[in-house]
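What follows is each chain in one-letter form.
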Amino acid sequence: MTENTSRAARPFVRARAVPPWSLLAAGVVAGGLLGGAYGVLTPASYTATSYVIAVPTDKSDTATAQGFAQAYGRVATQLAVLGDAQVWAGVPVDTLRRNVQTETSPDAPMVAVSATSPHPMQAADMANAVARSLTQHANDTKGDTHVELLQFSRAPKPAAPTSASAKVTGLVGASTGGLLAGLTLLVRPRRRTEEPVPQASVPGPTVAADVHGQL
């Protein structure tokens, strides 16, 4: 019985004897494999950017143009602008809303319109369509704003994807896996050294003569 119990306990002893660095290595390998698989299975995405610039008229100045450029950057992704852009881009408004972003500069009256798509030509078409629609909407009111919006540069067809490659995602996954494994090693409970349990002292047998004397 004792021999069978000792044999059954051997795997647990071996599991406890696994060195800590093995858990760290396993985390790095597992994270790298998951990150690489994510990079391979995720479709590549392309980003194209078109630029428009706000120009003051004779009745305005550069500061006014700068202020309107900031405003145009905020309204570029509104329904009024995207509703016209969808016709030229050939995609629904929801696709434009999800995949088009704008950015303005604090130093120049310029608006950058960027679009992302799995297809490089579609990304360029979406960016140019939104920039064109924004320009038309802005120039419809230039008589009141005294600021004209012009196309500074059209978005070219992107030559390379902007999404991370499988190599990059694999490295990120390996780093994340190693970090998580390291944190696990830090927070895991440590085995306490078993202290010997003090044995209760048992009183010795009382001599019959002593007991008789006490009586």
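Residues numbered from 1 in each chain as written. Predicted model: local features only at pLDDT ≥ 70, side-chain atom pairs only at ≥ 80, totals over all residues. Heavy atoms only, no water.

Trainee: Describe the pattern of salt bridges, naming the residues involved and giving the relevant values.
Mentor: The full count for this structure, using the stated rule, is 2 salt bridges. For the salt bridge of K142 with E148, the shortest nitrogen-to-oxygen distance reads 3.8 Å. Residue class for K142 comes out partly exposed when judged on its relative accessible area of 35%. Judged by relative accessible area, which is 26%, E148 ranks as partly exposed. (Salt bridge = Lys/Arg side-chain N within 4 Å of Asp/Glu carboxyl O. Buried < 20%, exposed > 50% of the residue type's maximum accessible area, 1.4 Å probe, protein only.)

Trainee: Account for the sheet that holds strand β2 (residues 100-104), with residues named and values stated.
Mentor: On the basis of which strands lie adjacent, the open sheet formed by 4 strands has the order β2-β3-β1-β4 and antiparallel pairing. Each end of this open sheet is capped by a strand with a single partner; those strands are β2 and β4 (147-153). For this sheet, the mean angle separating the axes of adjacent strands, direction not counted, is 25°. Across 8 bridges, strand β1 (residues 46-56) lies against strand β3 (residues 110-117) in antiparallel orientation. Pairing of A48 across the sheet is with A115, part of β3. Across the sheet, helix α6 (residues 120-139) lies against β1, β2, β3 and β4, angled at about 145° from β3, the strand it touches most. (Pairing = 2+ DSSP bridges. Helix = DSSP H or I, 4+ residues; strand = E, 2+ residues; numbered from the N terminus. Axes fitted to C-alpha atoms, helices over the stretch in contact; angles between N-to-C directions. Contact = heavy atoms within 4.5 Å.)

Trainee: Residue-level account of the environment of D94, with values.
Mentor: Considering the arrangement of structural elements, one finds D94 in helix α5 (residues 93-99). A residue is classified by how much of its surface remains accessible, and D94, at 43% relative accessible area, is partly exposed. A polar contact is formed between the side chain of D94 and the side chain of R97, at a distance of 2.9 Å. (Polar contact = N/O pair within 3.5 Å; in protein donor to acceptor, adjacent residues only side chain to side chain.)

Trainee: Before we move on, could you go through the packing of aromatic side chains and cite the residues and values that matter?
Mentor: Tallying each qualifying case throughout the model produces 1 aromatic pair. The residue whose ring lies beneath R132 is W88, and the NZ or CZ to ring-centre distance is 4.0 Å. (Phe/Tyr/Trp six-rings, centres within 6.5 Å; stacked < 30°, edge-to-face > 60°. Lys NZ or Arg CZ within 6 Å of the ring centre and 35° of its normal.)

Trainee: I'd like to hear about the side chain of T145, residue by residue, with values.
Mentor: Among the secondary structure elements, T145 is positioned in helix α7 (residues 142-145). The contact partners of T145, leaving out residues within four places of it in the chain, are T64, F68 and Y72.

Trainee: For the environment of F68, give the residues involved together with the corresponding values.
Mentor: Within the secondary structure, F68 sits in helix α3 (residues 62-75). Judged by its relative accessible area of 26%, F68 is partly exposed. Put simply, F68 and M110 are 42 residues apart on the chain and 9.6 Å apart in space, counted from C-alpha to C-alpha. F68 has contacts with T145 and V147, leaving out every residue within four places of it along the chain.

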